[in-house]
Amino acid sequence: MTSKYFTPETRHRRLRKTAALRDLVRETHLTPNDLILPLFVDEDITEKQAISSMPNVFRHPEKDLPQFLKECRSSGVNNFILFGVSYNKDDEGRDSMKKGGLLHRMISSAKDTLPDSNIIADVCFCEYTDHGHCGPIAEDGDVDNDATIENIAQQSIIAADAGADIIAPSGMMDGQVASIRAGLDENGFEQIPVLAYAAKFASTYYGPFRDAAGCALGKYDHVAKDRKSYQMDPANAHESLREAEQDLLEGADMLMVKPGLAYLDILHRVKQAFQVPTFAYNVSGEYAMLKAAHANGWLDYETTMMETLLSFKRAGADGILTYSAVDAARILNDN
Ligand code: PBG
Ligand code: ZN
């Protein structure tokens, strides 16, 4: 019928009429190559261990890493970022700076298993320090920036030696990218790119990850109970551009914004400003919220997850770190 009041000339609905038309005019596409799966490798268990706040995510026994990687690969995931669950912790996280330590072993094992995939080393110390902070603690109880960037260069060299394809520093220390770049270059790893967690916010959304990776804070009285002296204030957007610019000046090849959903504005601005490969981290708390809503019958996990991943790409992400990578790859490959 026609309305007696108004007849639109512009009809946006024309291109939404059929699935084929919608497919034809779609602006943003998600593919399995956009997905990076974070995984937890535990050096002290023999059976995979559930993480209660992250349904269907597990701590994997070190010995089972090859098998699990192969399964993920056959589901269509080709990019992996590894986190260690360590039982050899000390005040500096020395285990992660030596050959034969958990970081070195798990990266070597992953690279041997999937030589053609991207094995990304998250370089940071919180998984390996007894106090849970991202570097050694100075007299004042805060993380010692310059000691950390010396150590993180060493840790990066170890990761590169083990075969890491990409080094991803997540500690938010000043000068860490420059220190890592110099360390890699001096040791013959000038071809290994750095993916900087450029804008990483001090976020409550990391809660489930800290349980999973065993890096909760608060064990010692003399050290800070949060990471607010190094991770960014969630209120700051302009500062994230300065962080990203600095990381690029120091030699970063790619950038990351973390967390994801609550920081889509940051992701968009960083991508617009620098036009370099930029990634979003759809973090543990985001995964937990969706799984919880699904368990209650309030949201459908698969469709909501796919819509969320698409939103990162639409905002400018070139790829997404997500605990849903295997589920998403399966869905994409079935279509
Ligand atoms: C540690 C690190 C964290 C995450 C990735 N690397 C936790 C933190 O900074 O406290 C969080 C990932 C997630 O929540 O999924 N540098
Ligand atoms: Zn850390």
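Quantities reported herein were computed from a predicted structural model and do not represent experimental measurements.

### A closer look at the coordination of the zinc ion (ligand 2)
The protein atoms donating to the zinc ion (ligand 2) are Cys124 (SG), Cys126 (SG) and Cys134 (SG), with metal-donor distances spanning 2.2 to 2.3 Å. Here the zinc ion (ligand 2) binds four donor atoms, and the angle range of 92 to 126° at the metal identifies the geometry as tetrahedral. The sequence motif formed by the donor residues of the zinc ion (ligand 2) is C-x1-C-x7-C.

### Remarks on the packing of helix α9 (residues 284-295) against helix α10 (residues 301-315)
Contact geometry for α9 and α10: axes closest at 9 Å, N-to-C directions at 150°. The angle between the axes of α9 and α10 places the two elements in the roughly antiparallel class. You can see that α9 and α10 cross each other, and the crossing is right-handed. Of the residues in α10, those in contact with Glu286, Tyr287, Leu290, Lys291 and His294 of α9 are Tyr301, Thr304, Met305 and Phe312. Residues belonging to the contact of α9 with α10 are distributed by class as follows: five nonpolar, two polar and two charged.

### Digging into the site of ligand 1
Surrounding ligand 1, one finds 16 residues, the nearest of these being Arg210, Gln231, Lys258, Ser284 and Tyr323. For ligand 1, a nitrogen atom lies 3.1 Å from a polar atom in the side chain of Ser170. At a separation of 2.6 Å, an oxygen atom of ligand 1 approaches a polar side-chain atom of Arg210. Notes on ligand 1: free accessible area 400 Å², of which the protein chains cover 100%. Across the shell around ligand 1, the residue classes break down as nine nonpolar, three polar and four charged.

Analysis parameters
Residues numbered from 1 in each chain as written. Chains lettered and ligands numbered in written order. Predicted model: local features only at pLDDT ≥ 70, side-chain atom pairs only at ≥ 80, totals over all residues. Heavy atoms only, no water. Donors = N, O, S within 2.8 Å, 3.2 Å for Na, K, Ca; no water. Tetrahedral: all angles 85-135°; square planar, octahedral: opposite > 155°, others 65-115°. Axes fitted to C-alpha atoms, helices over the stretch in contact; angles between N-to-C directions. Helix = DSSP H or I, 4+ residues; strand = E, 2+ residues; numbered from the N terminus. Parallel < 35°, antiparallel > 145°, perpendicular 65-115°, else oblique. Left-handed = near helix turned anticlockwise from the far one by under 90°. Contact = heavy atoms within 4.5 Å. Nonpolar A, V, L, I, M, F, W, Y, C, P; charged D, E, K, R; others polar. Near = heavy atom within 4 Å. Polar contact = N/O pair within 3.5 Å; in protein donor to acceptor, adjacent residues only side chain to side chain. Areas by Shrake-Rupley, 256 points an atom, 1.4 Å probe, with all protein chains shown as cover.

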